[in-house]
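# Understanding the architecture of this molecule
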Amino acid sequence: MSAATIPFDNSYARLPDAFFAPVDPTPVEAPQLIAFNRVLAEQLGLDAEMLERHGAGYFSGNVALPGSLPLAMAYAGHQFGQFVPRLGDGRAILIGEVVDRAGKRRDIQLKGAGPTPYSRRGDGRAALGPVLREYIISEAMHALGIPTTRALAAVTTGQPVYRDRVLPGAVFTRVAASHIRVGTFQFFAARGEVENLSILADHVIERHYPELKGAERPYLALLDAVADRQASLIARWLGVGFIHGVMNTDNMTISGETIDFGPCAFMDRYDPRTVFSSIDQHGRYAFGNQPGIGQWNIARLAEALLPILDDDEDKALEAANAAVGRFMDRFQAHWKTVIRAKLGLADAERDSDQDLIRDLLVTLYEQKADYTLAFRRLADATEDESADAALGALLEDPTALGPWLAAWRERLSQDTATPQARAAAMRRVNPAFIPRNHKVEEALGAAIDDGDFSLFAALNDVLSRPYEDQPAFAAYAEPPKPGEEITATFCGT
Ligand code: AMP
Ligand code: MG
């Protein structure tokens, strides 16, 4: 198979002109392929061998993939609550869509491939650190079983980018179900382009929610369906301690995938107020605020859809309000599924389960326990009471969970699963490995300062099997030691 046979089918490029600006990547001086996701390339039905061999050219944008139709997408968005009517892809270029082996349509996008008509004062480029960060964390999210955009490749450009200091430049190749966001709807709503709003909604239904095509009120059904996927997504984030960090409406997909890994981070010690992003000074996007922000963003989507929800304005508003109002119930239902599985509660719910869940989380918070390890140790403790000590060792007062453990065991004794089966099920939802911030920073530092990508590769490898105990890599499971803590992450712009 030669390059010419890449089966691009660019449906977004067939939408009206107002949806995007055609733009070619700007060539770079000395591209080098530093990471390539062969498994993903094969899932996409691409010629992995050919892409890897010529990856420096293709994934830098220096060589166009035949059949690609490069474009920058138009979108608006609320950034930290402030509406910006024109954002758009300022440093990302969609090169095309392919239908993968499972029949799913996927976008392939180069991030950092040069300026576009939406770049404003930005350079359209990306630095190596944020590119590697997105590579590591998006692939880790996928391995954790959480809907997310994927990493297909990363190249260095051989050119510097100028941020607060001079950094090596890089280009990231992202794969997504689509890059359509809440902000894409806001773009047309803000301009009063009702026709384009329904063209966009129809495109999205066809692409992401085909089951809604026959619905009585398809656009209202779409709003509900997007709300449900976002509620589910955020519940899963909370299950693994993920803090997105910049949940602006332009960073919330319509497909329900996690997107934009700028200042994101995983929480070590359990505290719902945790914030890492250096630009989130008021904690708007703190760990525990994410469900509320999800609802706020869905309200912005509802507003944008108002003109097409119903011919009668009052009825449209009423329907939109009701849909937004349902968000928290949806979230609670998804969260209950996530947290019950984390505690090993399998059979029918009991009245006291809510208390059991709350008491555990309160104790983990009060005892400054590591969120990930506490649940992993809980899986051990369901099989073997001698593992209680390892759980206790994560707490300031090792006996603090004693009464809770007794109540939990009493509750589990009413379930039918064997301890072994329960422990195995708990280990499938409570990861041993998450991308610990200090390990991510260590890998990035070695790559940026010394051109050493071995830690980056090792980290990706460990994180590709997050639910397996990998004794040889025990150090990757550990929380930061005093002095190793990362307290702030920075946006990748
Ligand atoms: P983000 O922080 O990635 O969600 O980006 C917010 C907006 O800023 C989007 O419109 C981006 O395209 C734009 N942007 C971010 N970084 C750059 C850059 N280096 N050059 C041009 N535009 C950028
Ligand atoms: Mg963004």
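Check the entry above for the structure.
Right, let's walk through the structure included here.

The rules behind each value
Residues numbered from 1 in each chain as written. Chains lettered and ligands numbered in written order. Predicted model: local features only at pLDDT ≥ 70, side-chain atom pairs only at ≥ 80, totals over all residues. Heavy atoms only, no water. Helix = DSSP H or I, 4+ residues; strand = E, 2+ residues; numbered from the N terminus. Rg over C-alpha atoms; globule rule 2.2 N^0.38 Å. Contact = heavy atoms within 4.5 Å. Areas by Shrake-Rupley, 256 points an atom, 1.4 Å probe, with all protein chains shown as cover. Lys, Arg positive; Asp, Glu negative; His and termini not counted. Charge placed at Lys NZ, Arg CZ, Asp CG, Glu CD. Near = heavy atom within 4 Å. Polar contact = N/O pair within 3.5 Å; in protein donor to acceptor, adjacent residues only side chain to side chain. Expected span 1.5 Å × (residues − 1). Buried < 20%, exposed > 50% of the residue type's maximum accessible area, 1.4 Å probe, protein only. Patch = residues over 30% accessible without salt bridge, like charges linked within 9 Å, V, L, I, M, F, W, Y side chains within 5 Å. Salt bridge = Lys/Arg side-chain N within 4 Å of Asp/Glu carboxyl O. Core = buried A, V, L, I, M, F, W, Y, C linked by side-chain atoms within 4.5 Å. Phe/Tyr/Trp six-rings, centres within 6.5 Å; stacked < 30°, edge-to-face > 60°. Lys NZ or Arg CZ within 6 Å of the ring centre and 35° of its normal. Axes fitted to C-alpha atoms, helices over the stretch in contact; angles between N-to-C directions. Parallel < 35°, antiparallel > 145°, perpendicular 65-115°, else oblique. Left-handed = near helix turned anticlockwise from the far one by under 90°. Donors = N, O, S within 2.8 Å, 3.2 Å for Na, K, Ca; no water. Pairing = 2+ DSSP bridges.

## What about the overall build of the protein chain?
For the protein chain, the helix and strand inventory stands at 18 helices and twelve strands. In terms of overall size, the protein chain behaves like a compact globule, its C-alpha atoms giving a radius of gyration of 23 Å where 493 residues would be expected to give roughly 23 Å. Expressed as a percentage of contacts within the protein chain between residues at least 6 apart in sequence, the contacts between residues at least 24 apart total 72%. Accessible surface, the protein chain as shown: approximately 19800 Å² in total, 52% of it carbon and sulfur. Positive and negative charge centroids in the protein chain, built from 49 and 66 side chains respectively, lie 1 Å apart.

## Regarding the site of ligand 1
Gly88, Gly90, Arg91, Asp123 and Gly124 are the nearest of the 18 residues found near ligand 1. The separation between an oxygen atom of ligand 1 and a polar side-chain atom of Arg91 is 2.6 Å. Contacts to ligand 1 include Asp260, whose side-chain N or O atom sits 3.4 Å from an oxygen atom. If ligand 1 stood free it would expose 480 Å²; the protein chains cover 89% of that surface.

## Some points on the side chain of Gln186
Here Gln186 lies in helix α5 (residues 182–190). If near-sequence neighbours (up to four positions away) are discounted, Gln186 is found in contact with Ala76, Gly77, His78, Phe83, Thr249, Arg300 and Ala304.

## Brief notes about helix α10 (residues 327–343)
The terminal C-alpha atoms of α10, which comprises 17 residues, lie 24 Å apart, in line with the 24 Å expected from a rise of 1.5 Å per residue. Taken together, the buried positions of α10 are occupied by Phe327, Phe331, Trp335, Val338, Ile339, Arg340, Lys342 and Leu343. A positive phi of about 80 degrees marks Gly344, the residue just after α10.

## A word on a negative patch on the surface
Among the surface-exposed residues, Asp311, Asp312, Glu313, Asp314 and Glu318 lie close enough to one another that they form a single negatively charged patch. Relative accessible area serves as the criterion here: at 59%, Asp314 is assigned to the exposed category.

## Section: the nonpolar core
Buried together is how nonpolar side chains tend to be arranged in soluble globular proteins. Of all hydrophobic cores here, the largest spans 151 residues; its most connected members are Phe185, Leu364 and Trp408. By residue number, the principal contributor to this core is helix α7 (residues 218–240), which donates 14 residues. Excluding anything up to four places from it in sequence, Trp408 contacts Leu343, Leu356, Leu378, Ala381, Thr382 and Met426.

## A word on the side chain of Thr382
As for its position among the elements, Thr382 is in helix α12 (residues 371–383). Since its relative accessible area comes to 11%, Thr382 is described here as buried. There is a polar contact of 3.4 Å between the side chain of Thr382 and the side chain of Arg422. Excluding residues within four positions of it along the chain, Thr382 makes contact with Trp408, Leu412, Pro419, Arg422, Ala423 and Met426.

## Remarks on the packing of aromatic side chains
A complete count under the given rule lists 17 aromatic pairs for this structure. Centroid distance Tyr12 to Phe20: 6.3 Å. Interplanar angle 55 degrees. Geometry classified as tilted. The same class applies to Tyr12 and to Phe20, which are both buried. Measuring from ring centre to ring centre gives 6.0 Å for Phe473 and Tyr476, while their planes differ by 65 degrees; the resulting arrangement is edge-to-face. Across from the ring centre of Trp296, 4.7 Å away, lies the NZ or CZ of Arg284, which sits over that ring. Looking at Lys342, its charged tip hangs above the ring of Tyr371, at a distance of 5.3 Å from the centre.

## Quick word on the packing of α12 against helix α14 (residues 402–412)
Look at α12 against α14: their axes get within 11 Å of each other, and the N-to-C directions meet at 60 degrees. By the angle between their directions, the pair α12 and α14 is classed as oblique. Crossing handedness for the pair α12 and α14: right-handed. The segment α12 lies against α14, with Leu378, Ala381 and Thr382 engaging Trp404, Leu405, Trp408, Arg409 and Leu412.

## Structural notes on the coordination of the magnesium ion (ligand 2)
Only Asn251 (OD1) and Asp260 (OD) from the protein coordinate the magnesium ion (ligand 2), and they sit 2.0 to 2.2 Å from it. Residues Asn251 and Asp260 agree in their burial class; the two are buried.

## Describing the pattern of salt bridges
In total, this model carries 41 salt bridges according to the counting rule given. Asp469 is the salt-bridge partner of Arg376, the closest N and O atoms lying 3.1 Å from each other. Taken as a pair, Arg376 in helix α12 and Asp469 in the loop between α17 (454–463) and α18 (474–477) lie far apart in primary sequence, 93 residues in all. On the basis of relative accessibility, which here comes to 2%, the residue Arg376 falls in the buried class. Here Asp380 and Arg427 are joined by a salt bridge, their closest N and O atoms 3.0 Å apart. Here Arg427 lies in helix α15 (residues 419–427) and Asp380 lies in helix α12, a separation of 47 residues in the sequence. The exposure class assigned to Asp380 is partly exposed, which follows from its relative accessible area of 21%.

## Details of the environment of Leu412
Looking at the secondary structure, you find Leu412 in helix α14. For the pair formed by Leu412 and Glu42, sequence separation is 370 residues and the distance between their alpha carbons is 43 Å. Ignoring anything within four residues of it in the chain, the contact list for Leu412 reads Leu343, Gly344, Leu345, Thr382 and Arg422.

## Section: the packing of helix α11 (residues 353–366) against α12
Between α11 and α12, the least distance of the axes is 11 Å, while the angle of their chain directions is 130 degrees. Classified by the interaxial angle, the pair formed by α11 and α12 is oblique. α12 is crossed by α11, and the crossing has right-handed handedness. Note on element contacts: α12 touches α11 through Tyr371, Ala374, Phe375 and Leu378, opposite Leu360, Leu361 and Leu364.

## Some words on the environment of Tyr162
Mapped onto the elements, Tyr162 comes out in strand β9 (residues 150–162). Since its relative accessible area comes to 59%, Tyr162 is described here as exposed. Taking the C-alpha atoms as reference points, Tyr162 and Ala127, separated by 35 residues in sequence, lie 8.6 Å from one another.

## Comments concerning the pairing of β9
By the criterion of burial, β9 is predominantly enclosed, with ten of the 13 residues buried. Sheet topology note: the strand β2 (residues 32–36)/β9 ladder contains four bridges and is antiparallel. Considered in β9, the bridge of Gln32 is made with Thr156. The hairpin formed by β9 and strand β10 (residues 166–176) contains three residues between the paired strands.

Take it as geometry only, folks, not as evidence of what the structure does.
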